[in-house]
Amino acid sequence: MTGWGSGSGSTTVWAILLGAGFGSGLWALAVWAFPPRPTLGDLLSRTLDAPAAAEDIGPLGGRLARLTVPLVALQRRAGLPGPRVRGDLRVTGTPVGEHLAGKALLALAGLVAPTIAQLALAVAGSGFGIGLPLAGGILLAAAGFVLPDLRARGRAAAMRDEFRHALSAYLDLVWITLAGGAGVDSALAGAVQIGQGWAFDRLAGALSTARLTRVSAWAALRRLGDEIAVDELAELAGSVSLAGTEGARVRASLAARAGSLRVHQLTDAEAQAQAATERMSLPVMLLFLGFLVFITYPAIGQILAGL
């Protein structure tokens, strides 16, 4: 009776722990998938309290804020995110707080996911013990913690490529406007009003900031290029700066920049197409190898049986 009571108590404790982990995991997944909308008071208070830290303000409110604030603060003290991830977040426009909150929630969900599976197996009358759920939880938590960084990096790379395409079109528009007799500043401001999309919006915002702060347009473009890590924009700023200070032939320079940028884009497109073609041949090779195994298996089986 004593042994049975001890085993029953241990089973009860494990059932309670698994149930708590199951509930916490479901709640964390639900909050991450369907975050509550912040109230107007929360948005106004964040805007008034930290107007200079716009990139660190995320849509955190209600239960999500209470859950993630300690975890986000812990990551900030650890120096996260790094400079490269911060640059990617600036390109995508994702607040740092929102990014860190997503990392914390995904890590927590990955940590309790094996516990949920263990609970389901325990209800079915089987289980793997404590070692496998613990190791699986650590691995899934690490994967969930890194996943937002990888997603931000991929999205930022795609947006930078899109920005380069828009920049090529913008250079052509500036060149045409300059050919019509406009000045450098008016050509830059007029051409940006023609295009559409987030890239032209960022260019227009940089030029508007230059006018309001009374700095040169090329300085604002160079700052934007450094901010989103697009070297071609910094090179454009150098060309415009040379034209504005030394009277260089800006039309010829911009035409050359636009041509070299298009050549670079075509080279990248050809490389991507070649890589896609090589990847398409891999399934055919695997199918051929499988067919060879299917044909030669009976003969190999007879040879091995005769030895």
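Here the structure is a predicted model, which is why all the values come from computation and not from measurement.

**With respect to the overall build of the protein chain**
For the protein chain, the helix and strand inventory stands at eleven helices and zero strands. Starting at the N terminus, the α and β elements of the protein chain follow one another as α-α-α-α-α-α-α-α-α-α-α. A buried classification covers 31% of the 307 residues belonging to the protein chain. When the accessible surface of the protein chain is split by element, carbon and sulfur atoms take 67% of a total near 18500 Å².

**As for unusual backbone geometry**
Cis geometry marks the peptide bond from Leu80 to Pro81, where omega comes out at -5°. For Pro81, the position within the fold is in the loop between helix H3 (63-77) and helix H4 (83-92). One non-glycine residue, Arg214, lies in the positive phi region at around 60°. Its location among the elements puts Arg214 in the loop between helix H8 (198-213) and helix H9 (217-228). For Arg214, a relative accessible area of 78% translates into the label exposed. In this model, Ala229 sits at a positive phi of 60°, which is unusual for a non-glycine residue. Turning to its location among the elements, Ala229 is positioned in the loop between H9 and helix H10 (231-246).

**Some remarks on the nonpolar core**
By size, the foremost hydrophobic cluster in this structure holds 35 residues, and its most contacted members are Phe163, Tyr170, Val174, Leu203 and Leu233. Here this core takes nine residues from helix H6 (residues 131-179), the largest share from any one element. Setting aside its immediate chain neighbours within four residues, Tyr170 contacts Leu188, Ala191, Val192, Phe200, Leu203, Leu207 and Leu236. Among the nonpolar cores identified, the runner-up in size contains seven residues, and Val72, Val96, Leu100 and Ala152 belong to it.

**As for the pattern of salt bridges**
As enumerated under the stated definition, the model contains five salt bridges in all. With a shortest N-O distance of 3.2 Å, Asp161 and Arg164 are connected by a salt bridge. Of the two residues, Asp161 and Arg164 both sit in helix H6, three residues apart, roughly one turn of that helix. The salt bridge involving Glu232 is made with Arg164; its shortest N-O contact spans 3.1 Å. Taken as a pair, Glu232 in helix H10 and Arg164 in helix H6 lie far apart in primary sequence, 68 residues in all. Residues Glu232 and Arg164 agree in their burial class; the two are buried. Because the salt bridges share partners, they merge into one network encompassing Asp161, Arg164 and Glu232.

**Let's talk about the packing of aromatic side chains**
Under the counting rule described, the total for this entry stands at two aromatic pairs. Ring centres 5.8 Å apart and planes at 45° place the aromatic pair Phe163 and Trp198 in the tilted group. Of this pair, Phe163 sits in helix H6 while Trp198 sits in helix H8, placing them 35 residues apart in sequence. On the basis of relative accessible area, Trp198 is assigned to the partly exposed category, the value being 21%. Across the ring face of Phe145, the terminal group of Lys103 is positioned such that the distance to the ring centre comes to 3.7 Å.

**Brief notes about helix H5 (residues 96-124)**
In this model, H5 (29 residues) spans 42 Å end to end at C-alpha, consistent with the 42 Å of a helix rising 1.5 Å per residue. The axis of H5 is deflected most strongly, by about 30°, at Val112, and proline Pro114 appears within four residues downstream. Within two residues after H5, Gly125 carries a phi angle of roughly 100°, on the positive side.

**Section: the packing of H6 against helix H11 (residues 250-306)**
Where H6 contacts H11, the two axes come as close as 9 Å, and the packing angle between them is 155°. In terms of orientation, H6 lies roughly antiparallel with respect to H11. Where H6 crosses over H11, the handedness of that crossing is left-handed. Counting all contacts with H6, which are made through Arg164, His165, Leu167, Ser168, Leu171, Asp172, Val174, Trp175, Leu178 and Ala179, the residues of H11 involved are Val250, Arg251, Leu254, Ala255, Arg257, Ala258, Leu261, Arg262 and Gln265. Residues of the contact of H6 with H11, tallied by class, amount to eleven nonpolar, three polar and five charged.

**Here we look at H6**
Across its 49 residues, H6 extends 72 Å between first and last C-alpha, which sits within 8% of the 72 Å expected from 1.5 Å per residue. At Val146, H6 shows its strongest bend, of approximately 30°, with the proline Pro148 following within four residues.

**Some details on the confidence of the model for the protein chain**
Per-chain confidence: the protein chain averages 77 in pLDDT, with 76% of residues scoring 70 or above. Across the protein chain, element-level confidence peaks in H8 with a mean pLDDT of 89 and bottoms out in helix H2 (residues 40-49) with 55. Segment residues 1-6 is flagged for pLDDT under 50; beyond a separation of four residues in sequence, or across chains, it makes zero contacts in the model.

Definitions and cut-offs
Residues numbered from 1 in each chain as written. Predicted model: local features only at pLDDT ≥ 70, side-chain atom pairs only at ≥ 80, totals over all residues. Heavy atoms only, no water. Helix = DSSP H or I, 4+ residues; strand = E, 2+ residues; numbered from the N terminus. Buried < 20%, exposed > 50% of the residue type's maximum accessible area, 1.4 Å probe, protein only. Areas by Shrake-Rupley, 256 points an atom, 1.4 Å probe, with all protein chains shown as cover. Core = buried A, V, L, I, M, F, W, Y, C linked by side-chain atoms within 4.5 Å. Contact = heavy atoms within 4.5 Å. Salt bridge = Lys/Arg side-chain N within 4 Å of Asp/Glu carboxyl O. Phe/Tyr/Trp six-rings, centres within 6.5 Å; stacked < 30°, edge-to-face > 60°. Lys NZ or Arg CZ within 6 Å of the ring centre and 35° of its normal. Expected span 1.5 Å × (residues − 1). Bend = angle between axes of the 7 residues up to and from the residue. Axes fitted to C-alpha atoms, helices over the stretch in contact; angles between N-to-C directions. Parallel < 35°, antiparallel > 145°, perpendicular 65-115°, else oblique. Left-handed = near helix turned anticlockwise from the far one by under 90°. Nonpolar A, V, L, I, M, F, W, Y, C, P; charged D, E, K, R; others polar. pLDDT = per-residue confidence, 0-100.

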